[in-house]
Amino acid sequence: MSGIPLGVLDLVPVASGSTAAEALTNSIDLARRTEEFGYTRYWFAEHHLNPGVAGTSPAVVLALTASATSTIRLGSGAVQLGHRTALSTVEEFGLIDALHPGRLDLGLGRSAGPPQRRRPVEDGGEPAPATQVTGGYTPNGLRIPDRFSFAHLLGHPRVALQQKLLNLPGAQPQDYSEQVDDVLALLRGEYRTPEGVEAHAVPGEGADVQVWILGSSGGVSAETAGRNGLRFAANYHVSPATVLEAAEGYRAAFKPSAELDRPYVTVSADVVVAEDEETAHELATGYGPWVRSIRTAEGAIPYPTPAEARTLPWSEEDRKLVADRVETRFVGSPRTVADHLERLREATGADELLITTITHRHADRVRSYRLLAEEWRRRG
């Protein structure tokens, strides 16, 4: 094993019977603990209108966490640009960087909305991944399920409500790739309007941040990351069916930059580790109902206990709705999960791996990260 770095992706989950305040306290504690365990990055996701997820503003949580840690890199996974401006994003991260220089990762993502339509390859669309997938598995045994369709959420009233509440009336989101260009120009102090008017973000200009692009396919996000020579995060835990084409689409589009002379990829994975297989699977019991609540636009429910999860209604339709996510979650002993992660790294060519773990009890989540770090260190 190459001993590649492990990072953390945190949604700031709210457990059933708990509060958002407790979730934030637990996440800050987890950042401190994973720093001790040797994880190299700690990223916060951005989600809205989810009763079971308190991570609504990565910049705010990052500022709180930066004061409680000292060495681990902190970042957004990701700031959703569709309802924000390039200037507000650069200024917020510039503020944090002013007090904690050299520790920030500015991860940029497209806001949730209508999925991009795939174009045929001959029209410049996503190429088929080079890694062979047969019967839903790569040659080394990594599960690559069928594509999940979000078509049932198009026009859903809760999705429409979220967009209404996040955007000012009549506001039109800026083209994503153009907005990324603006972020980079503001950070470099090179922003100019077509008429030659300059803009200088203070704080923000010259901030020592690493810019990442997060993406679930080989489309505009991967192309934008590659074209600008930026680091790229591919989401196996969100869209396992398209992780290979996302990584390969990014590499195909990559052009060397002042930041990077070669492509650099981290890949995310959902993980639960315990001392033995039975305990790990028990701790993971609530995952299916939790994913179902997201994919029905209900909004992530507070994460249930295993006992609560077993009492929730469950149908064959529910199972199909979440099958791709459940089948690709790595659950088990440290050895079992590390084996899965090695397969993920090998199949995607990842330079790093980003681990996201949700359990009902905070202590179980901390222990999962500790056990994985210990096993990973032994293999390094």
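Remember, predicted model here, so these are calculated numbers, not experimental data. What you see as residue numbers is a count from 1 along each chain, following the sequence as written. Reporting in this predicted model follows two pLDDT cut-offs: at least 70 for local features of residues, and 80 or more for side-chain atom pairs to be given and counted; totals over whole chains, interfaces and linings ignore these cut-offs and use all residues. Hydrogens and water are ignored here; the side-chain numbers use all heavy atoms of the structure.

1. Quick word on the overall build of the chain
Rules: The numbering of helices and of strands both runs from the N terminus, where a helix is a DSSP run of H or I of at least 4 residues and a strand a run of E of at least 2. In this treatment the radius of gyration is a C-alpha quantity, and the globule benchmark scales as 2.2 Å times the residue count to the 0.38 power. Whether a residue is buried, partly exposed or exposed follows from its accessible area with a 1.4 Å probe, protein chains only, as a fraction of its type maximum: under 20%, in between, or over 50%, in that order. We call two residues contacting when some pair of their heavy atoms lies within 4.5 Å. Computed by Shrake-Rupley with a 1.4 Å probe, the accessible areas treat only the displayed protein chains as cover when residues are assessed. The convention is simple: Lys and Arg are positive, Asp and Glu are negative, and His and the chain ends are not counted. Taken as the charge centre is NZ of Lys, CZ of Arg, CG of Asp or CD of Glu, depending on the residue.
When helices and strands are counted, the chain shows 13 helices and ten strands. The C-alpha atoms of the chain give a radius of gyration of 20 Å, which matches the 21 Å a tight globule of 380 residues would have. Overall, the C-alpha framework of the chain stretches about 65 × 50 × 45 Å when taken along its three principal axes. Across the 380 residues of the chain, 53% fall into the buried class. Relative to all contacts within the chain whose residues are 6 or more apart in sequence, the contacts with residues 24 or more apart total 75%. When the accessible surface of the chain is summed, it comes to about 16800 Å², and 53% of that surface belongs to carbon and sulfur atoms. A gap of 3 Å separates the mean positions of the 38 positive and 49 negative side-chain charges of the chain.

2. Description of the pairing of strand E8 (residues 265-273)
Defined as follows: At least two DSSP bridges between two strands are required for those strands to pair.
Counting buried positions along E8 yields nine of nine residues, so the element is predominantly enclosed. A two-sided burial pattern is seen for E8, the buried positions comprising Val265, Val267, Ala269, Val271 and Val273 on one face and Thr266, Ser268, Asp270 and Val272 on the other. Pairing between strand E7 (residues 231-235) and E8: four bridges, direction parallel. Its bridge partner being in E8, Asn235 is matched across the sheet by Ser268. Of the strand pairs in this sheet, E8 and strand E10 (residues 352-356) are connected by five bridges, and their pairing is parallel. Within E10, the position partnered with Ser268 by the bridge is Leu354. Both E8 and strand E9 (residues 330-332) contribute to a ladder of three bridges, which runs parallel. Among the inter-strand pairings, Val273 is bridged to a residue of E9, identified as Gly332.

3. Thoughts on the packing of aromatic side chains
Here is the rule we go by: Only centres within 6.5 Å qualify two rings of Phe, Tyr or Trp (six-membered ring in Trp) as a pair; their planes then separate them into stacked at under 30 degrees, edge-to-face at over 60, and tilted for everything else. Two conditions define a charge located above a ring, namely a distance within 6 Å from the ring centre to NZ of Lys or CZ of Arg, and an angle within 35 degrees of the ring normal.
What the rule picks out here adds up to ten aromatic pairs. Seen from their ring centres, Phe148 and Phe150 are 4.8 Å apart, and the 80 degrees between their planes marks the pair as edge-to-face. Here Phe148 falls in the partly exposed class, since its relative accessible area comes to 22%. Residue Phe150 is classed as partly exposed on the basis of its relative accessible area, which comes to 36%. One aromatic cluster is present, built from ring pairs that chain together Trp43, Trp212 and Tyr264. The aromatic ring of Phe148 is capped on one face by Arg295, whose charged end is 3.6 Å from the ring centroid.

4. So, the environment of Asp261
Within the element layout of this structure, Asp261 appears in the loop between helix H7 (243-253) and E8. Sequence spacing of Asp261 and Leu230 is 31 residues, and the spatial spacing of their C-alpha atoms is 9.7 Å. Once residues lying within four places of it in the same chain are set aside, the contact partners of Asp261 are Phe254 and Pro256.

5. Comments concerning the pattern of salt bridges
Defined as follows: Whenever Lys or Arg places a side-chain nitrogen within 4 Å of a carboxyl oxygen from Asp or Glu, that contact is recorded as a salt bridge.
Evaluation of the coordinates by the stated rule reveals 27 salt bridges. Note that Arg41 and Glu352 form a salt bridge whose closest N and O atoms lie 2.9 Å from each other. Of this pair, Arg41 sits in strand E2 (residues 41-44) while Glu352 sits in strand E10; the two residues are 311 residues apart in sequence, bridging distant segments of the chain. Across the pair, Glu352 and Arg41 agree in class, each one buried. Across the salt bridge formed by Arg379 and Glu375, the nearest N and O atoms sit 2.7 Å from each other. Of the two residues, Arg379 and Glu375 both sit in helix H13 (residues 362-379), four residues apart, roughly one turn of that helix. With relative accessibility at 19%, the residue Arg379 sits in the buried group.

6. Considerations on the side chain of Ser333
Inclusion rule: The term polar contact refers here to a pair of N or O atoms within 3.5 Å; inside protein, the definition further demands a hydrogen-donor-capable atom paired with an acceptor-capable atom, and it admits residues adjacent in sequence only when both atoms are side-chain atoms.
Checked against the element boundaries, Ser333 lands in the loop between E9 and helix H12 (334-348). You can call Ser333 buried: its relative accessible area is 13%. Polar contacts involving the side chain of Ser333 include one to the side chain of Glu277, which spans 2.9 Å. Among the polar contacts listed, one links the side chain of Ser333 to the side chain of Thr336, at a separation of 3.1 Å. In this view, Ser333 contacts Val273, Ala274, Glu275, Asp276 and Glu277; residues no more than four positions away in its chain are not counted.

7. A short note on the layout of surface pockets
We count it as follows: Cavities and pockets are defined on a 1 Å grid built over the protein atoms alone: a cavity is a set of grid points where a 1.4 Å probe fits but cannot escape, while a pocket is an open set with protein on both sides within 12 Å along at least five of seven lines, and lining residues are those with an atom within 4 Å of any such point. Grid points are joined across faces, edges and corners, and a volume is the space filled by probe spheres set on the points.
Estimated volume of the second largest pocket: approximately 340 Å³. Ala284, Thr285, Tyr287, Gly288 and Val326 are, among the 18 residues lining the second largest pocket, the residues nearest its centre. Mapped by element, the contributors of at least two residues to the lining of the second largest pocket are helix H9 (287-295), helix H11 (316-327) and E9. When residues in the lining of the second largest pocket are grouped by element, the largest group, five residues, is from H11.

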